[in-house]
Amino acid sequence: MTDVVERLNFMHDLAAIVADIAEEMQAAPDRGKPADYIPPLARVDVAQFGMAVVTVDGRVFTAGSADELFSLQSISKVFALTLALGKVGSQLWDRVGREPSGSAFNSIVQLESERGIPRNPFINAGAIVVADVNLTRGAPRESLAELISFVRHLADDDTIAVDVEVAKSESETGFRNVALANYMKSFGNLHHTPEDVLALYFGQCAVAMNCRQLAMAGRYLMAAGLNPTSGHRIVPETRARRINALMLTCGHYDASGDFAFRVGLPGKSGVGGGILAVAPGRASIAVWSPGLNAQGNSQLGTLALERLATRTGWSVFDRADAPPA
Ligand code: GLN
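Let me sum up the structure you'll find in this document.

The rules behind each value
- Residues numbered from 1 in each chain as written.
- Predicted model: local features only at pLDDT ≥ 70, side-chain atom pairs only at ≥ 80, totals over all residues.
- Heavy atoms only, no water.
- Salt bridge = Lys/Arg side-chain N within 4 Å of Asp/Glu carboxyl O.
- Helix = DSSP H or I, 4+ residues; strand = E, 2+ residues; numbered from the N terminus.
- Buried < 20%, exposed > 50% of the residue type's maximum accessible area, 1.4 Å probe, protein only.
- Polar contact = N/O pair within 3.5 Å; in protein donor to acceptor, adjacent residues only side chain to side chain.
- Axes fitted to C-alpha atoms, helices over the stretch in contact; angles between N-to-C directions.
- Left-handed = near helix turned anticlockwise from the far one by under 90°.
- Contact = heavy atoms within 4.5 Å.
- Nonpolar A, V, L, I, M, F, W, Y, C, P; charged D, E, K, R; others polar.
- Near = heavy atom within 4 Å.
- Areas by Shrake-Rupley, 256 points an atom, 1.4 Å probe, with all protein chains shown as cover.
- Pairing = 2+ DSSP bridges.
- Disulfide = S-S within 2.5 Å.
- Core = buried A, V, L, I, M, F, W, Y, C linked by side-chain atoms within 4.5 Å.

1. What to know about the pattern of salt bridges
Then, number 1: What the rule picks out here adds up to 13 salt bridges.
Then, number 2: Taking the shortest distance from any N to any O, the salt bridge between arginine 219 and aspartate 156 comes out at 3.3 Å. Linking arginine 219 in helix H11 (residues 219-222) with aspartate 156 in the loop between helix H6 (140-155) and strand S4 (161-162), this pair joins segments that are 63 residues apart in sequence.
Then, number 3: Note on arginine 219: relative accessible area 3%, which makes it buried.
Then, number 4: A cluster of three or more residues bridged by salt bridges with shared partners is formed by Glu24, Arg307 and Arg311.

So this is what it looks like as structure tokens:
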């Protein structure tokens, strides 16, 4: 009985915690700067903040602009990695490392000394190798369609789609990604042409989602690889645990240590201002605010997750007996 009461109190508290954080973020003075390398991202209003928390028992708490679409960008690397591991399993690790890079997301410096093997699947170089693995359907368009239908399936939402304007701008301005792809090709670490691989990579970056959809799509990572509502297995439990480990250690580029220090949850950011965070066994969380900090991670998204983790006790470094969601 006390358990039930404690749980109900916590659910009530969780609704209040989410609402309070959104209100605090609305008033925050230092909001960071939106990505400015392509016009469709540069013009997004920094005043916006959204948040969605989906608990393991299927409750959804949202606040602020939780239904506003934003560009997924590097958060897509989590779904692309999941798909690639389903195709080639642990053979992927012959071509991509599993160590934090300590460098910017689009850095090329380590690639030469490490002979075209990117440090991890969440920096651009690593995600480009993952895209090469996912290019199994012939043309990039078909492989992108496969990724989108996977994300739709995860989120239980068939409306999720690519923002074509963003995709076009990505490929018009993606010179650094072109350099990374060609450089890895020179080491033999791409099997397809850089053009085809990048068409898939740019397309996946341009997927548009809102916080509610993103938190739904991340449910398998909080639920040991299962869709917690249907009970269907998405990935083996070990794989979900390992993806979470990579998100914790590599999900925020050269700010991954700082994110672990402040938030203490597996998380993956994107330059569209979104962050997907996972409280294992408890909740899948999406936050979005387009203003970025110096490392290209959402300024208020990080702050909001720091407050959520502190107030719920959900950090993976917290007491294991904090109330369950
Ligand atoms: N489209 C961006 C790029 O490839 C994604 C980077 C990011 O979200 N960090 O540069």
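Having seen the structure, we can now continue with the description.
2. A short note on the side chain of serine 284
Then, number 1: Within the fold, serine 284 resides in strand S8 (residues 283-288).
Then, number 2: Accessibility expressed as a relative area gives 0% for serine 284, which makes it buried.
Then, number 3: Among the polar contacts made by the side chain of serine 284, one reaches the main-chain carbonyl oxygen of alanine 215 at a distance of 2.6 Å.

3. Considering the packing of helix H5 (residues 124-134) against helix H8 (residues 175-186)
Then, number 1: Where H5 meets H8, the axes come as close as 10 Å, and the angle between the chain directions of the two elements is 65°. Of the two possible hands of crossing, H5 and H8 adopt the one that is right-handed. Here Asn124, Ala125, Ile128 and Val129 of H5 come into contact with H8, specifically with Asn177, Leu180, Ala181 and Met184.
Then, number 2: Its residues assigned to classes, the contact of H5 with H8 shows 6 nonpolar, 2 polar and no charged.

4. Section: the site of the ligand
Then, number 1: Around the ligand lies a shell formed by Tyr37, Gln73, Ser74, Phe105, Asn124, Glu170, Asn177, Tyr201, Cys205, Tyr253, Gly270 and Val271.
Then, number 2: Within the contact set of the ligand, an oxygen atom lies 2.7 Å away from a side-chain nitrogen or oxygen of serine 74.
Then, number 3: Backbone polar atom of valine 271 to an oxygen atom of the ligand: 2.9 Å apart, as the coordinates give it.
Then, number 4: Relative to its unbound accessible surface of 300 Å², the ligand loses 96% to contact with the protein.
Then, number 5: The residue makeup of the shell around the ligand, split by class, is 6 nonpolar, 5 polar and 1 charged.

5. Observations regarding the pairing of strand S2 (residues 60-64)
Side-chain positions along a regular strand alternate between the two faces of the sheet.
Then, number 1: Bridge count between strand S1 (residues 50-55) and S2: 5 bridges; the pairing is antiparallel. Residue alanine 52 lies in a different strand from S2, and its bridge partner there is threonine 62.
Then, number 2: Hairpin geometry of S1 and S2 is characterised by an intervening segment of 4 residues between the two adjacent antiparallel strands and by a positive phi of about 90° at glycine 58.

6. Thoughts on the state of the cysteines
Then, number 1: On inspection of all chains with the given rule, the structure shows 0 disulfides.
Then, number 2: For cysteine 211, which is in no disulfide, the shortest distance to another cysteine sulfur is to cysteine 205 and amounts to 18 Å.
Then, number 3: Unpaired in terms of disulfides, cysteine 250 finds its nearest cysteine sulfur in cysteine 205, a separation of 17 Å.

7. Overview of the nonpolar core
Then, number 1: Phe79, Leu81, Ile128 and Leu214 are the most contacted members of the largest nonpolar core, which totals 65 residues.
Then, number 2: The contact partners of isoleucine 128, leaving out residues within four places of it in the chain, are Asn177, Leu180, Ala181, Met184, Leu190, Val197, Leu198 and Tyr201.

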